[in-house]
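Reading the structure
Each chain is listed here by its residues.
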Amino acid sequence: MSSTSFKVITIAGATGLLGFNIAEAFLNDGSYKIKILRKKPESENKNASLLASKGAEVIYIDYNDKSDLVKALKGTDVIVSAIGGTDLMATQSALLNAAKEVGVKRFIPSEFGCDIKEITGEVHPFHKPKVEFFKELEKSGIEYTILVTGLFYEYFEYLGFDHKNKKATFYADGNTKIVCTSLIDIGKYTVESLKLSEARNGIIRVAGSVLTLNELLKKYEEITAPVPTIEDDFVAYLIVSLDNKNLNNDKFSFTPRPVTEGISDLVKSKYWQ
Ligand SMILES: NC(=O)c1ccc[n+]([C@@H]2O[C@H](COP(=O)([O-])OP(=O)(O)OC[C@H]3O[C@@H](n4cnc5c(N)ncnc54)[C@H](OP(=O)(O)O)[C@@H]3O)[C@@H](O)[C@H]2O)c1
């Protein structure tokens, strides 16, 4: 690992599920000044208040107003985008244009799933804004890092594992391997990626666990009751896109949380009761 010359990190979308974990990891690391961008108008938000109480500077901006963005980004070395929603392309493009103007050194786009560089042929509408934005980012000349993390542990229900009703639905062959990672580790991977030379204009691929759907089901059965099936094209597409080639886990300083911890958390979580 090399040391980082970055000092100021600006995180967009830090109030979201992913962004909050990334912002917390940066604040826990303690080496950087952290700014978080929130879209106007000002509104109460538990995550934003928590991050502010830990030292983040919260800045409200209008993503359609370039001067607003330029002012907010001044002094920023790295932008981490964890933006969600349907305007991903427009919002990240606005951020990128302002970033170029103020000399931001690196842009980590809102990816955190599969490797968009590996997507060939007709692009699924879900990935279209991500693929198009990546082309813009590459052209911009600003350094980038794409973090490929697979599915979040916290999203297993989406994959077909229904804790509440103790039912499992397979949307792909049970021998299909999936990559998955906990949000807390994704935060840590994002922070440490700044110290990796491979992350400069690179794709960093990490995994908390790599296992087949059958293996995941077995782990569920150890913790909760079993679960069987319906068809869904989109989920099937997502599962197949979660490949596990050339992982960079060995470049990082910590061991990720095992998948059983992720399952236990979900089962215990009030949200799933
Ligand atoms: N691999 C996986 O399993 C997985 C699962 C879920 C998501 N993801 C990816 O992770 C990323 C973040 O997803 P998420 O679910 O955490 O996001 P999210 O909760 O939907 O949104 C995160 C934050 O983005 C800001 N935001 C939302 N819409 C916006 C807009 N139109 N313009 C500007 N800001 C906007 C909001 O913050 P403010 O209101 O504070 O500005 C919001 O709290 C996405 O790229 C998503 O595809 C991956």
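Residues numbered from 1 in each chain as written. Predicted model: local features only at pLDDT ≥ 70, side-chain atom pairs only at ≥ 80, totals over all residues. Heavy atoms only, no water.

1. Observations regarding the site of the ligand
Close to the ligand lie 23 residues; Thr15, Arg38, Lys39, Ser110 and Lys130 are nearest. Between the ligand and Arg38, the relevant distance is 2.7 Å, taken from an oxygen atom to a side-chain nitrogen or oxygen of the residue. At a separation of 2.9 Å, an oxygen atom of the ligand approaches a polar backbone atom of Phe152. Listing elements by their share of the shell around the ligand, those giving two or more residues are helix 1 (17-29), strand 2 (33-39) and strand 7 (151-152). Looking at the shell around the ligand, its residues break down into nine nonpolar, nine polar and five charged. (Near = heavy atom within 4 Å. Polar contact = N/O pair within 3.5 Å; in protein donor to acceptor, adjacent residues only side chain to side chain. Helix = DSSP H or I, 4+ residues; strand = E, 2+ residues; numbered from the N terminus. Nonpolar A, V, L, I, M, F, W, Y, C, P; charged D, E, K, R; others polar.)

2. Here's the deal with the pattern of salt bridges
Should their charged atoms come close, side chains of opposite charge can pair. The full count for this structure, using the stated rule, is 13 salt bridges. Across the pair Lys40 and Asp68 runs a salt bridge whose closest N-O atoms are separated by 2.9 Å. One end of the pair, Lys40, is in the loop between strand 2 and helix 2 (46-53); the other, Asp68, is in helix 3 (residues 66-73), and 28 residues separate them in sequence. Looking at Asp68, the relative accessible area reads 14%, which means it is buried. (Salt bridge = Lys/Arg side-chain N within 4 Å of Asp/Glu carboxyl O. Buried < 20%, exposed > 50% of the residue type's maximum accessible area, 1.4 Å probe, protein only.)

3. Describing the environment of Asp65
Mapped onto the fold, Asp65 is located in the loop between strand 3 (57-61) and helix 3. Sequence separation of Asp65 and Ala98 is 33 residues, and the distance between their C-alpha atoms is 9.7 Å. In this structure the side chain of Asp65 is engaged in a polar contact, spanning 2.7 Å, whose partner is the side chain of Ser67.

4. Thoughts on helix 8 (residues 213-223)
Listing the buried residues of helix 8 in full gives Leu213, Leu216, Leu217 and Tyr220. Each buried residue of helix 8 sits inside an arc of 100 degrees when the element is viewed along its axis, so together they form one side. Turned more than 90 degrees from where helix 8 packs its buried face, Lys218 and Glu222 sit exposed. (Arc of directions from axis to C-beta.)

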